[in-house]
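Understanding the architecture of this molecule
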Amino acid sequence: YRRERSLALRNSSSALYNNLAVLCPPARPPAFGAVHGTILSLLGSEGPPRQLQARGGGSALSTPLLTQAAWCVLPARVLLVLTSQRGVQMYDSDGSTMVFWHALDIPEHTAAHSVFARGIAAAGGRFICVGTSSGAVLVFDIPPKGTNVTLNEVLEQHRDPITDIAAEQGQAPDGAGDLVTADDSGTLCLWSTGEEFTLLGQIPGSGSTCSSVTLWNGIVAAGYGNGQIRLWEAGSGRICAQVSAHARWIYALDLAPLTGKLLSGAEDSFVHVWKLSRNLDTDDIEIQHCHAECVTDTQVCGARFCDPAGDTFAVTGYDLSEILCY
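Residues numbered from 1 in each chain as written. Predicted model: local features only at pLDDT ≥ 70, side-chain atom pairs only at ≥ 80, totals over all residues. Heavy atoms only, no water.

1. Some remarks on the layout of surface pockets
Its boundaries defined by the atoms lining it, the largest pocket holds a volume of some 900 Å³. Along its surface, the largest pocket is lined by 33 residues, and Trp71, Val73, Gln169, Asp254 and Arg304 are the ones closest to its centre. Put simply, the parts of the chain that give the lining of the largest pocket at least two residues each are strand E2 (21–23), strand E6 (66–73), strand E10 (117–123), strand E14 (162–167), strand E18 (210–216), strand E22 (250–256) and strand E26 (300–305). A breakdown of the residues in the lining of the largest pocket according to their chemical character gives 23 nonpolar, five polar and five charged. (1 Å grid on protein atoms, 1.4 Å probe; cavity = no way out; pocket = protein on both sides within 12 Å on 5 of 7 lines; lining within 4 Å. Points joined across faces, edges and corners; volume = space filled by probe spheres on them. Helix = DSSP H or I, 4+ residues; strand = E, 2+ residues; numbered from the N terminus. Nonpolar A, V, L, I, M, F, W, Y, C, P; charged D, E, K, R; others polar.)

2. Structural notes on the environment of Glu156
On the secondary structure map, Glu156 appears in the loop between strand E13 (150–155) and E14. Accessibility expressed as a relative area gives 62% for Glu156, which makes it exposed. With 21 residues separating them in the primary sequence, Glu156 and Gly135 have C-alpha atoms 6.8 Å apart. (Buried < 20%, exposed > 50% of the residue type's maximum accessible area, 1.4 Å probe, protein only.)

3. Re the sheet that holds E14
With antiparallel pairing, four strands are arranged side by side in an open sheet as E14-E15-E16-E17. Every other strand in the sheet has two partners, leaving E14 and strand E17 (198–203) as the edge strands with one partner each. Each adjacent strand pair in this sheet contributes to an overall mean axis angle of 20 degrees, direction not counted. (Pairing = 2+ DSSP bridges. Axes fitted to C-alpha atoms, helices over the stretch in contact; angles between N-to-C directions.)

4. Focus: the UniProt feature "repeat: WD" (unreviewed entry) in the protein
Per the UniProt record, "repeat: WD" (unreviewed entry) is annotated on residues 243–277. With 0% helix and 66% strand, residues 243–277 has end C-alpha atoms that lie 15 Å from one another. (UniProt positions renumbered as here; feature names shortened; annotations may be inferred.)

5. Some words on unusual backbone geometry
Residue Asn18 is not a glycine yet carries a positive backbone phi of 55 degrees. For Asn18, the position within the fold is in the loop between strand E1 (6–8) and E2. The phi torsion at Asn217 lies on the positive side, around 50 degrees, for a residue other than glycine. Position of Asn217 among the secondary structure elements: in the loop between E18 and strand E19 (219–224). On the basis of relative accessibility, which here comes to 23%, the residue Asn217 falls in the partly exposed class.

6. A closer look at the pattern of salt bridges
Counted according to the given criterion, the structure contains eight salt bridges. Between Arg126 and Glu195 there is a salt bridge whose closest N-O contact spans 2.7 Å. Taken together, the residues span a long stretch of sequence, with Arg126 in the loop between E10 and strand E11 (127–132) and Glu195 in the loop between strand E16 (188–192) and E17 at a distance of 69 residues. A relative accessible area of 56% places Glu195 in the exposed class. For the salt bridge of Lys261 with Asp311, the shortest nitrogen-to-oxygen distance reads 3.7 Å. (Salt bridge = Lys/Arg side-chain N within 4 Å of Asp/Glu carboxyl O.)

7. Digging into the state of the cysteines
In the structure shown here, the tally under the stated rule is zero disulfides. Of the cysteine sulfurs around Cys210, a residue in no disulfide, the closest is that of Cys189, at 11 Å. A relative accessible area of 0% means that Cys210 is categorised as buried. The closest cysteine sulfur to the non-disulfide-bonded Cys301 is located on Cys325, 14 Å from its own sulfur. On the basis of relative accessibility, which here comes to 0%, the residue Cys301 falls in the buried class. (Disulfide = S-S within 2.5 Å.)

8. Let's talk about empty space enclosed by the protein
Counted according to the given criterion, the structure contains one cavity of 30 Å³ or more. Taken as a whole, the largest cavity holds about 30 Å³ of empty space. Elements represented by at least two residues in the lining of the largest cavity include exactly E22 and E26. In terms of residues, the lining of the largest cavity owes the most to one element, E26, which gives three residues. Taken together, the residues of the lining of the largest cavity sort by class into four nonpolar, three polar and one charged.

9. Focus: the packing of aromatic side chains
For the coordinates displayed, the defined rule picks out five aromatic pairs. Seen from their ring centres, Tyr17 and Tyr251 are 5.3 Å apart, and the 75 degrees between their planes marks the pair as edge-to-face. Of this pair, Tyr17 sits in the loop between E1 and E2 while Tyr251 sits in strand E22, and the two are 234 residues apart along the sequence. For the pair Tyr17 and Tyr251, one class covers both residues: buried. Ring plane angle 75 degrees and centroid distance 5.3 Å describe the contact between Phe127 and Phe197, whose orientation is recorded as edge-to-face. Residue Phe127 is located in strand E11, and its partner Phe197 is located in the loop between E16 and E17; the two are separated by 70 residues in the primary sequence. Residue Phe127 is classed as buried on the basis of its relative accessible area, which comes to 2%. Grouped by ring-pair contacts, the aromatic residues Tyr1, Phe313 and Tyr326 constitute a single cluster. Positioned above the aromatic ring of Tyr224, the side-chain terminus of Arg230 is 4.2 Å from the ring centre. (Phe/Tyr/Trp six-rings, centres within 6.5 Å; stacked < 30°, edge-to-face > 60°. Lys NZ or Arg CZ within 6 Å of the ring centre and 35° of its normal.)

Given below as structure tokens:
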């Protein structure tokens, strides 16, 4: 990999987990999004840059902070989903039209706990899952077109705020499940999606936050606050590998579905590319280091591949007013 161009952002990127959204439409340049405070900056493949504001505040002074943005690609449509301290906003893919708004239940006594949504993933062909600070996962049923989005069910398994959600990006082995949710305590839950979501298993945390998680061919790759990446078997919940990947807190993981490349970015200013695979003889899960990139003096807060094969990737950093492309 080598450094290519930079894309200028109107604002810098906030220090949030997974603070880079990338949409890779077929045969068109990718679109990018990064959160700064109450604003999402969009750099589209079509048209001029655009900014979306968090909604749910009664006045300009109480505009809620955004916590994450992600494009959710479903078979029938693509939606841009924003999470904030007040709720969940869904737009069409270019951000021009709001499709749906869901307000979070804000308890009367919020002094002890902040309320927010975070963790976004498309799942099961017609659902979008969004995590909350109470540990609940909201499952929205998305119609093929129109605005009739409904809250299908609420998954209440986690006891700590959700940090990230990932859906299967390859071929799940039998019984492995196709959705994984992660929380602040490092606990992972594995789910099978359908008309009703079924909990298949739980991987307990070990004292370190799981900030980012991916799922590919029955392999769960999770990044933690202690700089480790751990690989788990999605079917059995067995740990298969543990890598001391970074010296500081991991902020982002991404996976290239065609090749099994894994991208990790952290506070230590490094971005690493890894390769996941299964040994054909033993069926063991293996991880290999492929590339390291130092983004000098930058706390990396977002890192995503820009194509399904993982030949290109982009990085955002805290207080950095550009997106770096490699």
